[in-house]
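# Examination of the molecular architecture
Letter by letter, the chains look like this.
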Amino acid sequence: MDFVGIMTIAGQTLGIIKDLRDVERDFDAASYKSQMTELYNNVSELRMALTDAREELHAKGREIEELKSRIASMQSGEQCAICEEGRLKVTASVAHPHFGMLGHQLRTVTCTNCGHKEERHYRPE
Ligand SMILES: [Zn+2]
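Residues numbered from 1 in each chain as written. Predicted model: local features only at pLDDT ≥ 70, side-chain atom pairs only at ≥ 80, totals over all residues. Heavy atoms only, no water.

Take the overall build of the chain next. Counting its regular elements, the chain contains two helices and four strands. Secondary structure elements in the chain, listed N-terminal to C-terminal, are α-α-β-β-β-β. Relative to its length of 125 residues, the chain is extended, with a C-alpha radius of gyration of 32 Å against a globular reference of 14 Å. Dimensions of the chain, computed from the C-alpha atoms along their principal axes, are close to 95 × 30 × 15 Å. For the chain, with 125 residues in total, the buried portion stands at 18%. Total accessible area on the chain stands at roughly 9,600 Å², and carbon and sulfur atoms take up 56% of it. On the chain, the mean spot of the 16 positive side-chain charges and the mean spot of the 20 negative ones are 7 Å from each other. (Helix = DSSP H or I, 4+ residues; strand = E, 2+ residues; numbered from the N terminus. Rg over C-alpha atoms; globule rule 2.2 N^0.38 Å. Buried < 20%, exposed > 50% of the residue type's maximum accessible area, 1.4 Å probe, protein only. Areas by Shrake-Rupley, 256 points an atom, 1.4 Å probe, with all protein chains shown as cover. Lys, Arg positive; Asp, Glu negative; His and termini not counted. Charge placed at Lys NZ, Arg CZ, Asp CG, Glu CD.)

As a further point, take the coordination of the zinc ion. Six octahedral donors at a metal ideally form angles of 90 or 180 degrees, and four tetrahedral donors ideally form angles of 109.5 degrees. Protein-derived coordination of the zinc ion comes from Cys80 (SG), Cys83 (SG), Cys111 (SG) and Cys114 (SG), at a distance range of 2.3 to 2.4 Å. Its four donor atoms give the zinc ion angles of 105 to 117° at the centre, a pattern that matches the tetrahedral case. Each donor residue of the zinc ion belongs to the same chain, and together they define the spacing C-x2-C-x27-C-x2-C. Placement of cysteine 83 in the loop between β1 (78-79) and β2 (87-95) and of cysteine 114 in the loop between β3 (105-111) and β4 (117-122) is noted, with a sequence separation of 31 residues between them. Judged by its relative accessible area of 40%, cysteine 114 falls in the partly exposed class. (Donors = N, O, S within 2.8 Å, 3.2 Å for Na, K, Ca; no water. Tetrahedral: all angles 85-135°; square planar, octahedral: opposite > 155°, others 65-115°.)

Let's shift gears to the pattern of salt bridges. Summed over the entire model, instances satisfying the criterion amount to four salt bridges. Put simply, glutamate 118 and arginine 120 hold a salt bridge, and the shortest N to O gap is 2.3 Å. Relative accessible area serves as the criterion here: at 23%, glutamate 118 is assigned to the partly exposed category. One salt-bridge network, in which partners are shared between bridges, spans Glu78, Glu118 and Arg120. (Salt bridge = Lys/Arg side-chain N within 4 Å of Asp/Glu carboxyl O.)

Quick look at the nonpolar core now. Ranked by size, the top nonpolar core spans five residues in total: Ile6, Ile9, Leu46, Ala49 and Ala53. When residues of this core are traced back to their parent elements, those giving at least two are α1 (3-25) and α2 (29-75). The leading source of residues in this core is α2, at three residues. Other than its neighbours up to four places away in sequence, leucine 46 contacts Ile6, Ile9, Ala10 and Thr13. (Core = buried A, V, L, I, M, F, W, Y, C linked by side-chain atoms within 4.5 Å. Contact = heavy atoms within 4.5 Å.)

Right, let's talk about the domain arrangement of the chain for a bit. Domain annotation of the chain identifies domain 1 (3-74) and domain 2 (79-122). For domain 1 versus domain 2, the separation of C-alpha centres amounts to 56 Å. (Domains from an automatic or database assignment.)

With respect to topology, four strands assemble into an open sheet ordered β1-β2-β3-β4, the strand pairing being antiparallel. Each having just a single partner strand, β1 and β4 make up the two edges of the open sheet. Summarising the sheet, β1 and β2 pair through two bridges and their orientation is antiparallel. In the strand pairing of β2, glutamine 79 is matched with arginine 87. (Pairing = 2+ DSSP bridges.)

Next comes the structure, spelled out in structure tokens:
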């Protein structure tokens, strides 16, 4: 159920409560009972609708987190100097030919957009 549906039931429920107040004034057991049944059904329906809405919100929250992390990973890394659109991602890493014994690496970075490749001398902290 969508929010319009929830608001409709909530409005109907408030109407029933108002009617019940009127029934109370000039007490009529049959219409009181019927109004109580309707009230109970509406509140049950509202509860189910709110449970559905909560689950839907959780699912949307998870989806937003997933998209945020995807955007962050797309924005991470250096911008490509050739196409200026893609990001340079490390696609290979080998021990540096001269400084490998010090833990240095020779890394190949590849543009996610145009495929341009560059080599980088990586020095550990
Ligand atoms: Zn590029």
